[in-house]
Amino acid sequence: MNKGLPKNKNCLFCRIVRGEIPSQKVLENKELLAFKDINPQAPIHVIIIPKKHLDSLSGAEEKEIALLGRIQLAIPEIAEKLLGKNSDYRVVTNCGEEAGQSVFHLHYHFLAGRRFTWPPG
Ligand code: AMP
Ligand code: ZN
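From a predicted model like this one, the values you see are computed outputs, not experimental measurements. (Residues numbered from 1 in each chain as written. Chains lettered and ligands numbered in written order. Predicted model: local features only at pLDDT ≥ 70, side-chain atom pairs only at ≥ 80, totals over all residues. Heavy atoms only, no water.)

(A) Fine view of the coordination of the zinc ion (ligand 2). Bound to the zinc ion (ligand 2) on the protein side are Cys11 (SG), Cys14 (SG), His53 (ND1) and His105 (ND1), at distances that span 2.1 to 2.3 Å. All donors of the zinc ion (ligand 2) belong to a single chain; written as a sequence motif, their spacing is C-x2-C-x38-H-x51-H. Placement of the pair is cysteine 11 in the segment before helix H1 (12–17) and histidine 105 in the loop between strand E4 (90–92) and strand E5 (108–112), with a sequence separation of 94 residues. Note on cysteine 11: relative accessible area 9%, which makes it buried. (Donors = N, O, S within 2.8 Å, 3.2 Å for Na, K, Ca; no water. Helix = DSSP H or I, 4+ residues; strand = E, 2+ residues; numbered from the N terminus. Buried < 20%, exposed > 50% of the residue type's maximum accessible area, 1.4 Å probe, protein only.)

(B) Representation of the confidence of the model for the protein in the model. Taken over all residues, the pLDDT of the protein has a mean of 94, while the share at 70 or more is 94%. Across residues 1–5, where pLDDT falls below 50, the model places 2 contacts with residues more than four positions away in sequence or in other chains. (pLDDT = per-residue confidence, 0-100. Contact = heavy atoms within 4.5 Å.)

(C) Highlighting the packing of aromatic side chains. Inspection of every chain in the model, using the stated rule, returns 2 aromatic pairs. Aromatic side chains phenylalanine 13 and phenylalanine 35 sit 5.4 Å apart centroid to centroid with 75° between the ring planes, which places their arrangement in the edge-to-face category. One end of the pair, phenylalanine 13, is in helix H1; the other, phenylalanine 35, is in strand E2 (residues 32–36), with 22 residues separating them in the sequence. Looking at phenylalanine 35, the relative accessible area reads 4%, which means it is buried. (Phe/Tyr/Trp six-rings, centres within 6.5 Å; stacked < 30°, edge-to-face > 60°.)

(D) Layout of the site of ligand 1. Near ligand 1, the surroundings consist of 16 residues, among which Asp37, Asn94, Ser102, Val103 and His109 are the closest. Contacts to ligand 1 include asparagine 94, whose side-chain N or O atom sits 2.8 Å from an oxygen atom. Taking glycine 100, its main chain carries an N or O atom lying 2.9 Å from an oxygen atom of ligand 1. When ligand 1 is considered free in solution it has 510 Å² of accessible area, and contact with the protein chains removes 84% of it. Put simply, the parts of the chain that give the shell around ligand 1 at least two residues each are H1 and E2. Element by element, the count of residues in the shell around ligand 1 is highest for H1, at 3 residues. Here the shell around ligand 1 is composed, by residue class, of 7 nonpolar, 7 polar and 2 charged. (Near = heavy atom within 4 Å. Polar contact = N/O pair within 3.5 Å; in protein donor to acceptor, adjacent residues only side chain to side chain. Areas by Shrake-Rupley, 256 points an atom, 1.4 Å probe, with all protein chains shown as cover. Nonpolar A, V, L, I, M, F, W, Y, C, P; charged D, E, K, R; others polar.)

(E) Highlighting unusual backbone geometry. Between tryptophan 118 and the following residue, proline 119, the backbone shows a cis peptide bond with an omega angle of 0°. Its location among the elements puts proline 119 in the segment after E5. We note that asparagine 86 has phi near 60°; this positive angle belongs to a residue other than glycine. Along the polypeptide, asparagine 86 turns up in the loop between helix H2 (65–83) and E4.

As structure tokens, this is what we get:
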């Protein structure tokens, strides 16, 4: 941990929000950003984040309810933009290391363009 620094100072996704690291943006508004994953796990793999730093969904509080709701509603908007109407996709958020989280800024994976299996690995 970087004690003494604001916790999002070196956060990868906060740096993307600030434009310090380039990204291929798919959707942006004042409170959220969606960009292409650098290591796609499907033909379409987009990362959706709140611009505000939250470690993961586990850290979310009641006061984030509107923000979280609007991120949810951005998902079908992204789907329609990238896939058109009536296309299938999967949305995943990994909460914690054991669940596969490697970047500790809340994000949702938007995956499409191939058939997915269940359960996930
Ligand atoms: P997770 O493992 O759930 O925390 O997901 C983090 C995701 O961020 C992974 O799918 C990475 O491929 C992706 N990622 C890491 N660095 C970048 C980057 N600079 N631009 C876009 N996606 C990234
Ligand atoms: Zn962050």
